[in-house]
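# Analysis of the macromolecular model
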Amino acid sequence: MSIGIDKIGFATAKYRLDMADLAVARDTDPNKYSLGLMLDSLSIAPITEDIVTLGAAAAEQILTKEDKATIDMVIVATETSIDQSKAAAVFIHGLLGIQPFARSFEIKEACYSATAALNYAKLHVTAQAASKVLVIASDIAKYGIKTSGEPTQGAGAVAMLVTNQPRILTFNDDNVAQTRDVMDFWRPNYSTTPFVQGIFSTKQYLDCLKTTWAEYQKRYQGKLEDFAAFCFHIPYPKLARKGLNKLLDKSLSQEKTGQIKANFEASISYSRQIGNIYTGSLYLGLLSLLEKSQSLKAGDKIGFFSYGSGAVSEIFSGQLVAGFEQMLNPDQQASLEKRQRLSVEDYEKLFFEEAQLDDQGNAEFENYATHSFALERIEHHQRLYKRN
Ligand code: HMG
């Protein structure tokens, strides 16, 4: 049985903040953002766009009526939950009209959990070959105004349909995971933004990569020359590039080094324009690679490095399926370019707006641009969504 990603969809907010504008407002050299972090713009979500609307929009783009009648599991991986009890997957299941006899739930471990979701989906399809599992990684990365993490914010969701006989990528059985209990980035229940030890977090990311890769090589005799491309969790592209440099070694032929480097540039293209989307960042890297690479072909082996602060990391690989190009969205770049540019003043208002609840737990919102779904209002503490 070959199991993997049959379809992949993506949605991001309709507004963007240009790094050059943020640099001026923060009295920072623009090169620090464009070269130091390798970021050009960030997606900025208004209050009416949340992990449910983004996740539903990403999935809606790829699902047919037949998929909705067959999907028997919906998993939402997120670290920006909208409810401590009810899973975003249940809202999304309802918005999309997926058949009722499905298991829907939410999972968490910082930016790592979508990888755990894919593993769980794979086990489920292994047990029931006709099943289809919808895995959604959806997050809004918000650090706060004038924080060190501010230039690495973002918003977006990646939806993946995991099936038997997939048409994009088949998973290999070579996963190596690592857990280490560190406080590099965390968000207690009482805080709307995370606490982060920035430089320490980058060291953890790189050390987890180095040690997980060493274990992967030991267990599977894995060599970089067997890969056509390597996708990384991308909190900001410069760190992923440092990760790649850790894997590259002098024994690699010039041709292979060139191929892996070119494919790396393809994999960071969307993140440069969107910023960090936490759980979805690694899979946005995959989407970017698939849609921007000039050299990928069927059978190519793609490596993945998943990292979630706290920390859990995992390395695994997959093989591209013949015809994968036909499963992509040729309009992705064009729709990114249609995002509305915000002034820094408007970004500060729009991204950090909080619901003003009255005594009955009701709140109304301004009419912001959103993808195909929107949070319409809050009524008696219930979030009510609508399809645009
Ligand atoms: P900072 O203050 O921008 O750090 O914070 P910096 O002063 O070291 O500058 C960054 C880079 O810009 C450096 O390059 C500078 O040299 C360069 P490097 O030394 O790294 O190669 N630079 C310049 N380049 C050109 N021209 C200039 C210039 N000035 C400086 N004029 C930091 C950076 C990442 C700490 C901050 O943005 C932050 O706290 N971000 C949030 C945390 C984060 O993203 N951590 C990444 C690892 S943890 C992770 O991936 C998990 C995560 O996604 C969450 C989860 O799992 O849920 C975050």
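No experiment lies behind these values; they were computed from the predicted model shown. (Residues numbered from 1 in each chain as written. Predicted model: local features only at pLDDT ≥ 70, side-chain atom pairs only at ≥ 80, totals over all residues. Heavy atoms only, no water.)

### So, the pairing of strand β4 (residues 71–77)
Within β4, seven of the seven residues are buried, which leaves the element mostly enclosed by the surrounding structure. The sheet contact formed by β4 and strand β6 (residues 132–141) spans six bridges and is parallel. Bridge pairing in β6 links isoleucine 71 to lysine 132. Chirality of the crossover, the property in question, places the unit of β4, helix α5 (residues 88–96) and strand β5 (residues 103–107) among those that are right-handed. (Buried < 20%, exposed > 50% of the residue type's maximum accessible area, 1.4 Å probe, protein only. Helix = DSSP H or I, 4+ residues; strand = E, 2+ residues; numbered from the N terminus. Pairing = 2+ DSSP bridges. Right-handed = clockwise from strand over helix to strand, strands pointing away.)

### Thoughts on the pairing of strand β1 (residues 3–12)
Residues in a regular strand point their side chains to alternate faces of the sheet. When you tally the buried positions in β1, you get ten out of ten residues, the bulk of the element. Bridging between β1 and strand β7 (residues 154–164) involves nine bridges; their strand directions are antiparallel. Following the sheet pairing, alanine 11 is matched in β7 by alanine 157. In the sheet, β1 pairs with strand β8 (residues 169–171) via two bridges, with the strands oriented antiparallel.

### Remarks on the site of the ligand
Among the 29 residues in the neighbourhood of the ligand, the closest are listed as Glu79, Cys111, Ser201, Lys242 and Ser309. Between an oxygen atom of the ligand and a main-chain N or O atom of cysteine 111, the distance comes to 3.2 Å. Between an oxygen atom of the ligand and a side-chain N or O atom of histidine 233, the distance comes to 2.8 Å. When the ligand is considered free in solution it has 1100 Å² of accessible area, and contact with the protein chains removes 75% of it. In a pocket analysis with a 2 Å cut-off to the grid points, the ligand is assigned to the second largest pocket. Of all the elements in the fold, those that place two or more residues in the shell around the ligand are α2 (30–37), α7 (198–220), α8 (237–247) and β13 (301–308). (Near = heavy atom within 4 Å. Polar contact = N/O pair within 3.5 Å; in protein donor to acceptor, adjacent residues only side chain to side chain. Areas by Shrake-Rupley, 256 points an atom, 1.4 Å probe, with all protein chains shown as cover. 1 Å grid on protein atoms, 1.4 Å probe; cavity = no way out; pocket = protein on both sides within 12 Å on 5 of 7 lines; lining within 4 Å. Sits in = over half its atoms within 2 Å of the grid points.)

### Notes on the packing of aromatic side chains
The geometry of an aromatic ring pair comes down to the distance between the two centres and the angle between the two planes. According to the stated counting rule, one finds 23 aromatic pairs in the structure shown. Both rings, one in phenylalanine 304 and one in phenylalanine 316, keep their centres 4.8 Å apart while their planes meet at 10°; by these two values the pair is stacked. In this pair, phenylalanine 304 is assigned in strand β13 and phenylalanine 316 in strand β14 (residues 312–320), connecting sequence segments twelve residues apart. A cation over an aromatic ring shows up here: lysine 86 above the ring of phenylalanine 91, its NZ or CZ 4.4 Å from the ring centre. The ring of phenylalanine 227 has lysine 301 sitting right over it, with the charged end atom 4.8 Å from the ring centre. (Phe/Tyr/Trp six-rings, centres within 6.5 Å; stacked < 30°, edge-to-face > 60°. Lys NZ or Arg CZ within 6 Å of the ring centre and 35° of its normal.)

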